[in-house]
Amino acid sequence: MLEIFFTVLRRDLLLVIRRRSDLFTTLVFFVITVSLFPLGIGPEMDTLRLIAPGVVWVAALLASMLALERLFAADFADGTLEQLLLTPQPLSLLVLGKILAHWMVTGLPLVLMAPILGLQYDLSAEALGMLMLTLLLGTPALSLIGAIGAALTLGLRGGGVLVALLVLPLFVPVLIFGAGAVEATVSGLGAEGHLSLLGAMLVLALLLGPLASAMALRVSME
Amino acid sequence: MSSRLINWFKFSSPVAFYPLAGRLGAWSGWIAAILIVVGLYMSFFVAPTDYKQGEGYRIIYVHVPAAWMSMFIYVVMAGWAGMGLVFNTRLSSMMASALAPTGALFAFLSLWTGAFWGKPMWGAWWVWDARLTSALILFFLYLGFMALQASIDEPRRADRAGAILALVGVVNVPIIYYSVQWWNTLHQGATIKMGGGASMDPVMLWTMLIMTFGFWAYAIAVAMIRVQAIILERERNTTWVTELVKAGGKA
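Only a predicted model underlies this, so the values are computations on that prediction, with no experimental measurement involved.

About the thresholds
- Within every chain, residues take consecutive numbers counted from 1 along the sequence as written.
- As a convention, the first chain written is A and the first ligand written is 1, with the rest following in written order.
- A pLDDT threshold of at least 70 governs which residues receive local features in this predicted model, and a stricter bar of 80 or more applies before side-chain atom pairs are shown or counted, although totals over entire chains, interfaces and linings include all residues.
- Side-chain calculation: all heavy atoms of the structure are included, whereas hydrogens and water are not.
- Here a strand is any run of E in DSSP of at least two residues, a helix any run of H or I of at least four, and the numbering for each starts at the N terminus.
- Only C-alpha atoms enter the radius of gyration; for comparison, a globular chain is expected to reach 2.2 Å times N to the power 0.38, where N is the number of residues.
- When accessible area is computed with a 1.4 Å probe and restricted to protein chains, residues below 20% of their type maximum are described as buried, those above 50% as exposed, and intermediate ones as partly exposed.
- Only heavy atoms matter for contacts: two residues are in contact if any of them lie within 4.5 Å across the pair.
- Computed by Shrake-Rupley with a 1.4 Å probe, the accessible areas treat only the displayed protein chains as cover when residues are assessed.
- A positive count includes Lys and Arg, and a negative count includes Asp and Glu. His and the chain ends are not counted in either.
- Taken as the charge location is NZ of Lys, CZ of Arg, CG of Asp or CD of Glu.
- Take the buried Ala, Val, Leu, Ile, Met, Phe, Trp, Tyr and Cys residues and link them wherever side-chain atoms come within 4.5 Å; each set so joined is a nonpolar core.
- Helix span, as expected, comes to 1.5 Å for every residue beyond the first.
- Within this analysis, the arc is defined by the directions that extend from the helix axis to the C-beta atoms.
- Reported buried area values correspond to the accessible surface (1.4 Å probe) lost by two parts on association, with both partners' losses combined.
- Under this definition, polar contacts are N or O atom pairs within 3.5 Å; protein pairs additionally need one hydrogen-donor-capable and one acceptor-capable atom, and for neighbouring residues in sequence, both atoms have to be side-chain atoms.
- Salt bridges are counted wherever a side-chain nitrogen of Lys or Arg sits within 4 Å of a carboxyl oxygen of Asp or Glu.
- The predictor attaches a confidence to each residue, called pLDDT, with possible values from 0 through 100.
- Patch membership requires over 30% relative accessible area and the absence of a salt bridge. Like charges are linked within 9 Å, and nonpolar side chains (Val, Leu, Ile, Met, Phe, Trp, Tyr) within 5 Å.

## So, the overall build of chain A
- A count of helical and extended segments in chain A gives nine helices and zero strands.
- Beginning at the N terminus, the succession of helices and strands in chain A can be written as α-α-α-α-α-α-α-α-α.
- Compactness check: chain A gives a C-alpha radius of gyration of 18 Å against a globular reference of 17 Å for 222 residues, within 12% of the reference.
- Its C-alpha atoms give chain A principal-axis dimensions of about 55 × 35 × 30 Å.
- Taking all 222 residues of chain A together, the buried fraction comes to 54%.
- Sequence separation of at least 24 residues holds for 81% of the intrachain contacts in chain A that already meet a minimum separation of 6.
- In the structure as shown, chain A presents an accessible area of about 9,800 Å², 72% of it carried by carbon and sulfur atoms.
- If the 10 positive side-chain charges of chain A are averaged to one point and the 14 negative ones to another, these points end up 12 Å apart.

## Overview of the overall build of chain B
- In terms of helices and strands, chain B carries seven helices and zero strands.
- Split into buried and exposed, the 251 residues of chain B put 45% on the buried side.
- A fraction of 77% describes how many contacts in chain B between residues 6 or more apart in sequence connect residues 24 or more apart.

## Some remarks on the nonpolar core
- Core analysis: the largest hydrophobic core is formed by 123 residues, its most contacted members being F30, F72, L152 and L217 of chain A together with M77 and L148 of chain B.
- Setting aside residues up to four positions removed in sequence, L152 of chain A forms contacts with L166, A216 and S220 of chain A together with L148, R157, A161, I164 and L165 of chain B.
- Counting residues in each nonpolar core, the second largest holds 14 residues, with F17, A21, L91 and M94 of chain B among its members.

## A word on helix α1 (residues 2-18) of chain A
All names here are of chain A.
- An ideal rise of 1.5 Å per residue puts 24 Å on 17 residues; α1 measures up with 25 Å between its terminal C-alpha atoms.
- Within the span of α1, buried status applies to I4, F5, V8, L9, D12 and V16. The arc that holds every buried residue of α1, seen down its axis, measures 135°, which confines them to one face. What points out from α1, more than 90 degrees from its buried face, is the exposed set E3, R10 and R18.
- Where α1 is buried, its residues contact α2 (21-41) and α6 (91-120).

## Re the interface of chain B and chain A
- Taken residue by residue, the interface counts 30 residues in chain B and 28 residues in chain A.
- Both faces combined, the contact of chain B with chain A buries some 2,500 Å², and carbon together with sulfur accounts for 75% of it.
- It is R157, I164 and W182 of chain B in chain B that bury the most area against chain A; as a group they hold 24% of the surface buried on that side.
- The tally of links between chain B and chain A comes to three residue pairs in polar contact (both at pLDDT 80 or more).

## Focus: the pattern of salt bridges
All names here are of chain A.
- Applying the stated criterion across every chain yields a total of eight salt bridges over all chains.
- Between D12 and K98 there is a salt bridge; the shortest N-O distance is 2.9 Å. Here D12, found in helix α1, pairs with K98, found in helix α6; they are 86 residues apart in sequence, far enough to count as distant. For the residue pair D12 and K98, the accessibility class agrees, reading buried in each case.
- The shortest N-O distance in the salt bridge between D75 and K98 comes to 2.4 Å. Placement of the pair is D75 in helix α4 (residues 69-77) and K98 in helix α6, with a sequence separation of 23 residues.
- The exposure class of K98 is buried, given its relative accessible area of 3%.
- By sharing partners, the salt bridges in this structure join R11, D12, D75 and K98 into a single network.

## Describing the environment of G54 of chain B
- Along the polypeptide, G54 of chain B turns up in the loop between α1 (14-46) and α2 (60-87).
- Taking the C-alpha atoms as reference points, G54 of chain B and M121 of chain B, separated by 67 residues in sequence, lie 9.7 Å from one another.

## Section: the confidence of the model for chain B
All names here are of chain B.
- Mean pLDDT over chain B works out to 82, with 88% of the residues at or above the 70 mark.
- For chain B, the element scoring lowest by mean pLDDT is helix α7 (residues 239-246), at 82; α2 scores highest, at 90.
- Of the regions scoring below 50 in pLDDT, residues 189-193 engages in three contacts with residues more than four places distant in sequence or in other chains.
- At the level of chain-chain contacts, confidence expressed as ipTM amounts to 0.85, with global pTM at 0.86.

## Thoughts on a nonpolar patch on the surface
Residue and element names in this part refer to chain B.
- Among the surface-exposed residues, F72, L205, W206, L209, F213, W216 and I220 lie close enough to one another that they form a single nonpolar patch of about 670 Å² accessible area.
- Per-element tally for the nonpolar patch: the top contributor is helix α6 (residues 202-234), with six residues.
- With respect to the secondary-structure elements, W206 resides in helix α6.
- Look at W206 and you get exposed, because its relative accessible area is 56%.

## Here's the deal with unusual backbone geometry
- Even without being glycine, D122 of chain A reaches a positive phi, approximately 60°.
- Looking at the element boundaries, D122 of chain A is found in the loop between α6 and α7 (125-152).
- The backbone of N88 of chain B sits at a positive phi, close to 60°, despite the residue not being glycine.
- Note on placement: N88 of chain B falls in the loop between α2 and α3 (90-122).
- Take N88 of chain B: its relative accessible area is 46%, and that puts it in the partly exposed class.

Here it is, written out as structure tokens:
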């Protein structure tokens, strides 16, 4: 049964490797958004250091939201999704494979890029490590929650904006604890509590996200 | 009445429910009008002035019931939507769609009155207080539900997609509420707490309860009228609707 999971994962990754431009658009959006904030706020390092965790996290949240549209759209357009729905294996497992592949392509680059952006904001090494760790825990949760919205809005007019409306309120807890953990590290409070809750959210999203997405896909495709 | 068994499933059919919805809507409308008039009179003229907050506190007679209703309606809406998803009953999903605008209205009303209350009490129209923030996010959840249903043309898909979203939302509401609360206590010191453990004057409590039941009746009345409209819209190709129109709209 796990075979189908790895098959889907391998297929989706292969598709992305064949068309590498997809890989960079989300990342470039993330970098540009984060770089815009100092231009809007001013170059004072003290202010920037203060807002850095929030800015990087909000940018990561928007970037992964924008990437959601691509999660099912291509497969929906060429009819692959219909075939996937017909397989005897559990659809939620298939969806989980797709989400993991999607995260590795859009979420993981954000995690790896974050410390460089953090340097622009003069964050300490400790805070940079924490930023990476929270993004590593948080972005998969964002992809899992976002997949529900992507599945619900499949093939609707104005799908992109609608996804934002559906998914952003649900992202709020992840944002709070992700940015909160970095902030707690900066102010020397310790971030264990934040990290535990972030981990708990990831587990919950891992449990319910694929199920809800699979159900939403069936609704959207019937 | 007691010896007769009512077949409740009869009313799960839109045809049977339509006249009942009309009657329920009319009755609740009258109850709502009476209770809200009485409640407003009591809140303006009978309830005593608060010794700390002065006359400005009277807005809570609208604010608190509206906030309660906005939360309660979301749960009821998700319940109907879930029932529609599980049992595939059309009417349950119609009820969910009928409740959403009323819930959003109450959420907006609670935010608006909250701003009016906050200006004299806190000195600001908006404070990033945990309750305000979670009410705002609840309002966004309602908007998402309505936007999703509005953008799907096929009623069956709209019902089911909305149901999944409402159920995901209802799982998330407590998580959002507690995370916002924790975020708030971390970021700023204790904001002004309402009440502070002091017991309420009984007149104040009664006024609040009357207003709450008034809003409740209003929500039922409006939902029933809206569900009638949804039934007519979706069943417009059936014979019973045609006959209803011929008979001049009287069921």
